[in-house]
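Inside the fold
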Amino acid sequence: MPYNFPMRITTHTIKEYKKKGKKVTCLTAYDYSTAKVLDNSGIDLILVGDSLAQVVLGYENTLSLTMDEMLHHARAVIRGVKRSLVVVDLPFLTYQVDSKDAIYNAGKCLQAGAHAVKLEGASEDILKTIEKMVKIGIPVMGHIGFTPQSVNALGGNRVQAKTATAAKDILAQAKALEKAGCFSVVLELVPSEVAKLVTENISIPTIGIGAGINCDGQILVIDDLLGKFSDFTPSFVRKYADFAKSTETAIQKYISDVQNGKYPDTNESFFLAECESEKLKSPNLN
Ligand code: KIV
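Described in the following lines is the structure provided in the data block. All of these numbers come straight from a predicted model, not from anything done at the bench. (Residues numbered from 1 in each chain as written. Predicted model: local features only at pLDDT ≥ 70, side-chain atom pairs only at ≥ 80, totals over all residues. Heavy atoms only, no water.)

Before going further, it helps to spend a moment on the overall build of the chain. On a plain count of helices and strands, the chain comes out with 12 helices and 8 strands. With the C-alpha coordinates aligned to their principal axes, the bounding extent of the chain is approximately 90 × 45 × 40 Å. Taken over 286 residues, the chain has a buried fraction of 44%. Taking the contacts inside the chain whose residues are at least 6 apart along the sequence as the reference set, 58% of them involve residues at least 24 apart. Accessible area for the chain stands at about 16000 Å²; split by element, carbon and sulfur atoms hold 54% of it. Averaging the positions of the 32 positive and the 32 negative side-chain charges in the chain gives two centres separated by 7 Å. (Helix = DSSP H or I, 4+ residues; strand = E, 2+ residues; numbered from the N terminus. Buried < 20%, exposed > 50% of the residue type's maximum accessible area, 1.4 Å probe, protein only. Contact = heavy atoms within 4.5 Å. Areas by Shrake-Rupley, 256 points an atom, 1.4 Å probe, with all protein chains shown as cover. Lys, Arg positive; Asp, Glu negative; His and termini not counted. Charge placed at Lys NZ, Arg CZ, Asp CG, Glu CD.)

As structure tokens, this is what we get:
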């Protein structure tokens, strides 16, 4: 009997999309149940982003996140996914210092069941590390423009490549990442024209976040899209729901129901069989 395998999205599928002019849809996830919903909804790529640090763990920025924390969440996401491509972000200091450590940490992500890793930057050292990873079979997604792990050096969350010279530099970085073997590259916080220039001049898909309409795909942080994370919302985010508000309303209703004896009702409770219940009415309970 023929078996209907769910079609797995692979790094090759994502690269094919660019040739066909099909947009790549990407979102972050950090837990099992959210990953399952995203997978069932048909999202192409799920990133276990290091934005985990801020939106789930409450750190000020991504720098505090550890490899163990990332793996813990990555495993939960992977357990919820059957079809989407799962990419795991390598946290700060897990790949910049030494390429052996980088390969070891990326390998741990693949051993956990991820399909690829993402790392930031395109310096000579990073490019060499990417080449080594790709050579041993670890697919890599690049990330340039605003790179959150360099937030201190970049002077805050700012749009990058605002001059023609800087735009050409971003293009050179994207080409270098393509040459190093990346299967795609995230462009974060760059002007639309710069994203267009890069997208038209490399063969791997560009995935934009705050980079305008001209990228081959888009990614957002799931908590921003759902209106769950209320500390700050970048101007490029489109909120498709207001979870913070609807969750607060639901919880206030629950508090009121408990306080007023309206929760639980009989359908939400368990009862003894009548004969057992009768025995409990007897004065001799011993
Ligand atoms: O960590 C993250 O959420 C990211 C973005 C590109 C979505 O890297």
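Right, let's get into the sheet that holds strand β2 (residues 45-48). Hydrogen bonds between backbone groups are what pair the strands of a sheet, and the pairing can be parallel or antiparallel. Spatially, 8 strands are ordered β1-β2-β3-β4-β5-β6-β7-β8 in a closed barrel, and the strand pairing comes out parallel. Here the average twist between neighbouring strands, direction ignored, is 25 degrees. For strand β4 (residues 116-118) and strand β5 (residues 140-145), the ladder comprises 2 bridges, and the chain directions are parallel. From the neighbouring strand, Val117 faces β5, where its bridge partner is Val140. (Pairing = 2+ DSSP bridges. Axes fitted to C-alpha atoms, helices over the stretch in contact; angles between N-to-C directions.)

Taken as a whole and judged by the stated rule, the model has 2 aromatic pairs. Between Phe229 and Phe232 the ring centres are 5.5 Å apart and the planes differ by 80 degrees, which places this aromatic pair in the edge-to-face class. (Phe/Tyr/Trp six-rings, centres within 6.5 Å; stacked < 30°, edge-to-face > 60°.)

A separate point is helix α9 (residues 192-201). Every buried residue of α9 is listed here: Val194, Ala195, Val198 and Thr199. Down the axis of α9, the buried side of the element spans an arc of 130 degrees, and every buried residue falls inside it. Among the exposed residues of α9, those pointing more than 90 degrees away from its buried face are Glu193 and Glu200. Those residues of α9 that are buried lie in contact with α1 (11-20), α8 (164-180), β6 (184-188) and β7 (206-209). (Arc of directions from axis to C-beta.)

Here we come to the nonpolar core. Among the nonpolar cores identified, the biggest contains 62 residues, and Leu90 and Met133 are the most heavily contacted of them. If we skip the residues at most four places from it in the chain, Leu90 touches Met67, Tyr95, Ala102, Asn105, Ala106, Cys109, Val117, Lys118, Leu119, Met133 and Gln149. Among the nonpolar cores identified, the runner-up in size contains 16 residues, and Cys26, Ala116, Val186 and Ile207 belong to it. (Core = buried A, V, L, I, M, F, W, Y, C linked by side-chain atoms within 4.5 Å.)

Attention shifts here to the site of the ligand. The environment of the ligand is made up of Thr28, Leu47, Gly49, Asp50, Ser51, Asp89, Lys118, His143, Val186, Ile209 and Val221. At a separation of 3.0 Å, an oxygen atom of the ligand approaches a polar backbone atom of Asp50. In this structure, an oxygen atom belonging to the ligand sits 2.5 Å away from a side-chain N or O atom of Ser51. Under a 2 Å grid-point criterion requiring more than half of the atoms, the pocket assigned to the ligand is the largest pocket. Taken together, the residues of the shell around the ligand break down into 4 nonpolar, 4 polar and 3 charged. (Near = heavy atom within 4 Å. Polar contact = N/O pair within 3.5 Å; in protein donor to acceptor, adjacent residues only side chain to side chain. 1 Å grid on protein atoms, 1.4 Å probe; cavity = no way out; pocket = protein on both sides within 12 Å on 5 of 7 lines; lining within 4 Å. Sits in = over half its atoms within 2 Å of the grid points. Nonpolar A, V, L, I, M, F, W, Y, C, P; charged D, E, K, R; others polar.)

The periodicity of an α-helix, 3.6 residues per turn, causes residues three or four positions apart to be oriented the same way. Regarding α1, the residues found buried are Thr11, Thr13, Ile14, Tyr17 and Lys18. Each buried residue of α1 lies within a common arc of 165 degrees when the element is viewed along its axis, so the set occupies one face. α1 presents His12, Lys19 and Lys20 as exposed residues on the side facing more than 90 degrees away from its buried surface. Residues of α1 that are buried sit in contact with β1 (24-28), β2, β3 (85-89) and α9. Of the residues that open α1, the one with a side-chain oxygen 3.1 Å from the backbone nitrogen of His12 is Thr10.

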